[in-house]
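Below are the chains, spelled out letter by letter.
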Amino acid sequence: MFALSSATRVFLLPGVTDMRKGFEGLRSLAEHRLNQDPLSGHLFVFCNRHCNRLKVLFWDGTGLWVCAKRLEGGRLDWPREGEAIQEYTIQQLTMLLDGIVLKQAVEKKWFRRRPGEERK
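All values reported here derive from a predicted model rather than from experimental measurement. Counting from 1, residues in each chain are numbered in the order their sequence is written. At least 70 in pLDDT is required for a residue's local features to be given in this predicted model, at least 80 for side-chain atom pairs to be given and counted, and no such filter applies to totals for whole chains, interfaces and linings, which use all residues. For the side-chain quantities, the full set of heavy atoms in the structure was used; hydrogens and water were omitted.

Enquirer: Is there a simple way to explain the sheet that holds strand S2 (residues 43-47) in this structure?
Expert: Each strand in a sheet pairs with its neighbour through backbone hydrogen bonds, running either in the same direction (parallel) or in the opposite one (antiparallel). For two strands to pair, DSSP has to find at least two bridges joining them. In this text, helices come from DSSP runs of H or I with a minimum length of four residues, and strands from runs of E with a minimum of two, each type numbered from the N-terminal end. Spatially, 5 strands are ordered S4-S3-S2-S1-S5 in an open sheet, and the strand pairing comes out mixed. Each of the sheet's edge strands pairs with one partner strand only, and the pair in question is strand S4 (64-70) and strand S5 (86-88). Taken pair by pair, the neighbouring strands of this sheet meet at an average axis angle of 25°, ignoring direction. When strand S1 (residues 10-12) meets S5, the two strands line up antiparallel, connected through 3 bridges. Paired with valine 10 across the two strands is tyrosine 88, which belongs to S5. By the convention used here, residues are in contact when the closest approach between their heavy atoms is within 4.5 Å. Axis angles are defined between N-to-C directions and span 0 to 180 degrees, where every axis is a line fitted to C-alpha atoms and, for a helix, only to the segment in contact. Packing against the sheet, helix H2 (residues 90-97) makes contact with S1, S2, strand S3 (53-59) and S5, and its axis sits at approximately 105° to S5.

Enquirer: For this particular structure, what's the right way to read the environment of leucine 96?
Expert: Take leucine 96: it is sitting in helix H2. Leucine 96 sits in the buried class, given a relative accessible area of 2%. Distance in space between the C-alpha atoms of leucine 96 and aspartate 77 is 7.1 Å, their sequence separation being 19 residues. Among all residues touching leucine 96, those that are not within four sequence positions of it are Leu12, Leu76, Asp77, Trp78, Tyr88 and Leu102. When a residue's accessible area, from a 1.4 Å probe over protein chains only, is under 20% of the maximum for its type it is buried; when over 50% it is exposed; and in between it is partly exposed.

Enquirer: I keep staring at helix H1 (residues 23-32) and nothing clicks. Help me out?
Expert: Every buried residue of H1 is listed here: Leu26, Leu29 and Ala30. The buried side chains of H1 occupy one side of the element, clustering within an arc of 100° when seen end-on. Exposed residues pointing more than 90 degrees away from the buried face of H1 are listed as Glu24 and His32. On the buried face of H1, the contacting elements are S2, S3 and S4. Relevant arc is that of directions from the helix axis to the C-beta atoms, nothing else.

Enquirer: How do you make sense of the nonpolar core when you look at a structure like this?
Expert: Side chains of a nonpolar character, in soluble globular proteins, are inclined to be buried together. Here the nonpolar core consists of buried residues drawn from Ala, Val, Leu, Ile, Met, Phe, Trp, Tyr and Cys, with membership extended through side-chain atoms lying within 4.5 Å. Core analysis: the biggest nonpolar cluster contains 17 residues, and Val10, Leu12, Leu43, Val45, Trp78 and Leu96 have the highest contact counts within it. Elements supplying a minimum of two residues to this core: S1, S2, S3 and H2. Phe11, Leu13, Leu34 and Phe46 belong to the second-largest nonpolar core, a separate cluster that totals 11 residues.

Enquirer: Explain the packing of aromatic side chains to me, please; I cannot follow it from the model alone.
Expert: Within a pair of aromatic rings, the relevant descriptors are the distance that separates the centres and the angle that separates the planes. Side-chain rings of Phe, Tyr and Trp (the six-membered ring for Trp) are treated as a pair once their centres are within 6.5 Å; stacked means planes under 30 degrees apart, edge-to-face means over 60, and tilted covers the remaining angles. Across all of its chains, the model carries 1 aromatic pair by this definition. Between phenylalanine 11 and phenylalanine 44, the ring centres sit 5.6 Å apart and the planes meet at 15°, which makes this aromatic pair stacked. In this pair, phenylalanine 11 is assigned in strand S1 and phenylalanine 44 in strand S2, connecting sequence segments 33 residues apart.

Enquirer: What exactly am I supposed to notice about the environment of glutamate 72 here?
Expert: For glutamate 72, the location among the structural elements is in the loop between S4 and S5. Given a relative accessible area of 67%, glutamate 72 falls into the exposed group. Considered as a pair, glutamate 72 and asparagine 52 are 20 residues apart in the sequence and their alpha carbons are 7.8 Å apart. Among the polar contacts made by the side chain of glutamate 72, one reaches the side chain of arginine 70 at a distance of 2.7 Å. Pairs of N or O atoms within 3.5 Å make up the polar contacts considered here, provided that, within protein, one atom can donate a hydrogen while the other can accept it, and that residues adjacent in sequence are counted only when both atoms are side-chain atoms.

Quick look at the structure:
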């Protein structure tokens, strides 16, 4: 299995992804469309046209995982094509998967250092 921490970054590809893509197709999207290293240990999340299916690409140090989810009812609030690439936290991904519209959610401002960010 794999473990997620607060240092794990989550990248969402806005718009539609062909859910027939497997390991190599999703890896290529992570490299070329998201401009990220798919072997970084971060999560790369992709969604279909109807916003009711998604796939997650993840490197655990020994190999790639591709996980899939199909919603039995409802749709995800997914960023549209042309919107900026989304970087979420694990907590934000959890809220998105729980059906919370993140654009309407208010995040309380408090100290939070991003991975790689230096002290001021």
